[in-house]
Amino acid sequence: MKRSTSSAKAFSPWAAVFWLLVWQAAALWVNEPIFLVSPLAAIQRLFQLLGVPTFWQSVWFTLGRILLGFGLSLLLALVFSVAAYRFRWLRELLSPLTATIKAIPVASFVILALLWVSSKNLSVLISLLIGFPVLYGNLLSGLDSTDPKLIEMAKVFRIPFCRQLQAIYLYQVLPFLRSGLSIAMGLCWKSGIAAEVIGIPTGSIGEKLYTAKVYLETADLFCWTLCIVLLSVGCEKLLSLLVDILIKEAAARAGSRSSV
Amino acid sequence: MLEAVHLSKSFDGKPIIVDFSQRLETGVHYCLMGPSGCGKTTLLRLLMGLLQPDAGEVRGSSKMSAVFQENRLLEPFNAIANVELATGASRGEIERLLMELGLEKESLFQPVSAFSGGMKRRVALARALLAEYDALFLDEPFKGLDDETKARVMRIVSERTKGKTVLLVTHDETETLGFQPISL
């Protein structure tokens, strides 16, 4: 089982090269850059755009807003998952809400949200709404998976809840949090960009994508898409690295806790 | 003082504890003996408030401490951290007791996940003995200890629990420590 999971995730350079070659061959075969640009043309265009100041302005505009939405969703998920773990009524109250948010298409959210907030901050709200149920669900699953025998031990020894959170729950939750953060980050980028393409806030990556579509600038479209993928994967990897450091740090602190 | 009054508990319709009453006086050490599966652990859990009885009640409230049937340690934490978390005892005090129980000083700083069953049991015992308590519940506390270590640990338990209420559960006649016997 483990073997198949790791093989599914394995990323081999030869496979990437193979698909790039397939893309290049397809572009040559179509021979119409408006329909399909070659990978070389897309990368060439990306290097051109890297030197344009508005490129970086758009990147910071979108990156800042999506990360803000993501950060807020994480904060809310932390607060509500701990509260829902302690209070069954809150868990029951939030259950239909999170299920509904998960089921509603992003486009419906975006159109509805445009009535409430300016298009400038739309991606913050959408990232928050899309990221929250994933993070909340994962954190709650992590808390639920905590060994009940350890919780009983904590009850008998009257260990305060905040210390229980730190010493008992943290270890159970971190792996769940890690996978939740990774999934939520990807979803926040996808939904945040979708929101920008619909809301077209000035100076965003979404606006650039929309403009590329309107003027049939396929090379720009591919280039911005590549940029979004790189940003999304980069954020995800950075976050995973951060959580891994946190896990190691927590384990190290546990190992030398006597000196605390 | 803790008092079980007409306690009954069933699981899946099978009665495990039936109309059990017993006063646990302050400062008295009790020993509950019986074969495996007779309900000893269930009774301990009822007395500790970890299970709700089907009938009857547990009267009197007191600070409790316990050695559970399982060690219930935080595996990534070292021995001192495990004891410290539950007791608030000083590091020196914890170190002294753990070493008195036969653990090597170097091992105290290793995660307990690397410990043998007997070592883990002694960490669980140290945690129970150093916690602030009025009533101490010991569920097969000497399980997994070799004879020599067991003798040393039994002596320490007897010494350190003077003046406290203790309920020891065992199925081994050699582990009763001369405590006052009670039966289910």
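Bear in mind that the values here come from a model prediction, so they are computed numbers and not experimental data.

Student: Before we move on, can you summarise the pairing of strand E2 (residues 14-24) of chain B with the specific residues and values?
Tutor: Residues and elements named next belong to chain B. With 7 bridges joining them, strand E1 (residues 2-11) and E2 adopt antiparallel strand pairing. From the neighbouring strand, Ala 4 faces E2, where its bridge partner is Gln 22. If you look at the hairpin formed by E1 and E2, you'll find 2 residues sitting between the two strands, and Asp 12 has a positive phi there, around 50°.

Student: I'd love a proper account of the interface of chain A and chain B, names of residues and values included.
Tutor: Listed as interface residues are 20 residues of chain A and, on the opposing side, 27 residues of chain B. Taking both partners together, chain A and chain B bury about 2100 Å²; carbon and sulfur atoms supply 62% of that area. Counting the contacts that link chain A with chain B gives 3 salt bridges. At the boundary of chain A with chain B, the tally comes to 6 residue pairs in polar contact (both at pLDDT 80 or more). Breaking the side of chain A that touches chain B down by element, the ones donating at least two residues are helix H8 (148-156), helix H9 (161-199) and helix H11 (218-255) of chain A. The element contributing the most residues to the side of chain A that touches chain B is H8 of chain A, with 6 residues.

Student: Break down the packing of H9 of chain A against helix H10 (residues 205-214) of chain A for me, citing the residues and quoting the values.
Tutor: Residue and element names in this part refer to chain A. Where H9 meets H10, the closest approach of the two axes is 7 Å, and the angle between their N-to-C directions is 60°. By the angle class used here, H9 and H10 are oblique. Judged by the sense of rotation from one axis to the other, the crossing of H9 with H10 is right-handed. Facing H9, whose interface residues are Ile 193, Glu 196 and Val 197, H10 presents Ile 205, Gly 206, Glu 207, Leu 209 and Tyr 210. When grouped by side-chain class, the residues that make up the contact of H9 with H10 number 5 nonpolar, 1 polar and 2 charged.

Student: For the sheet that holds E1 of chain B, give the residues involved together with the corresponding values.
Tutor: What links the strands of a sheet is backbone hydrogen bonding, and the strands pair in either a parallel or an antiparallel sense. Residues and elements named next belong to chain B. Here 3 strands make up an open sheet; going across it, the order is E2-E1-E4 and the pairing antiparallel. Strand pairing shows two members of the sheet lacking a second neighbour, E2 and strand E4 (55-59), which therefore form its edges. Neighbour-to-neighbour, the strand axes of the sheet open up by a mean angle of 20°, direction not taken into account. Set on the sheet, helix H1 (residues 40-47) makes contact with E1, E2 and E4; between it and E1 the angle comes to about 125°.

Student: Any details on the pairing of strand E7 (residues 165-170) of chain B? Residues and values, ideally.
Tutor: All names here are of chain B. Within E7, 6 of the 6 residues are buried, which leaves the element mostly enclosed by the surrounding structure. The alternating pattern of E7 places Thr 165, Leu 167 and Val 169 on one face and Val 166, Leu 168 and Thr 170 on the opposite face, and all of these are buried. As paired strands, strand E3 (residues 29-33) and E7 are joined by 5 bridges and run parallel to one another. Opposite Cys 31, over in E7, you have Leu 168 as the bridge partner. Note: strand E6 (residues 135-139) against E7, 5 bridges, orientation parallel. Residue pairing in the sheet places Ala 135 in a bridge with Thr 165 of E7. Handedness of the β-α-β unit built from E6, helix H5 (residues 147-160) and E7 comes out right-handed.

About the cut-offs
- Residues numbered from 1 in each chain as written.
- Chains lettered and ligands numbered in written order.
- Predicted model: local features only at pLDDT ≥ 70, side-chain atom pairs only at ≥ 80, totals over all residues.
- Heavy atoms only, no water.
- Pairing = 2+ DSSP bridges.
- Helix = DSSP H or I, 4+ residues; strand = E, 2+ residues; numbered from the N terminus.
- Contact = heavy atoms within 4.5 Å.
- Buried area = accessible area lost by both parts, 1.4 Å probe.
- Salt bridge = Lys/Arg side-chain N within 4 Å of Asp/Glu carboxyl O.
- Polar contact = N/O pair within 3.5 Å; in protein donor to acceptor, adjacent residues only side chain to side chain.
- Axes fitted to C-alpha atoms, helices over the stretch in contact; angles between N-to-C directions.
- Parallel < 35°, antiparallel > 145°, perpendicular 65-115°, else oblique.
- Left-handed = near helix turned anticlockwise from the far one by under 90°.
- Nonpolar A, V, L, I, M, F, W, Y, C, P; charged D, E, K, R; others polar.
- Buried < 20%, exposed > 50% of the residue type's maximum accessible area, 1.4 Å probe, protein only.
- Right-handed = clockwise from strand over helix to strand, strands pointing away.

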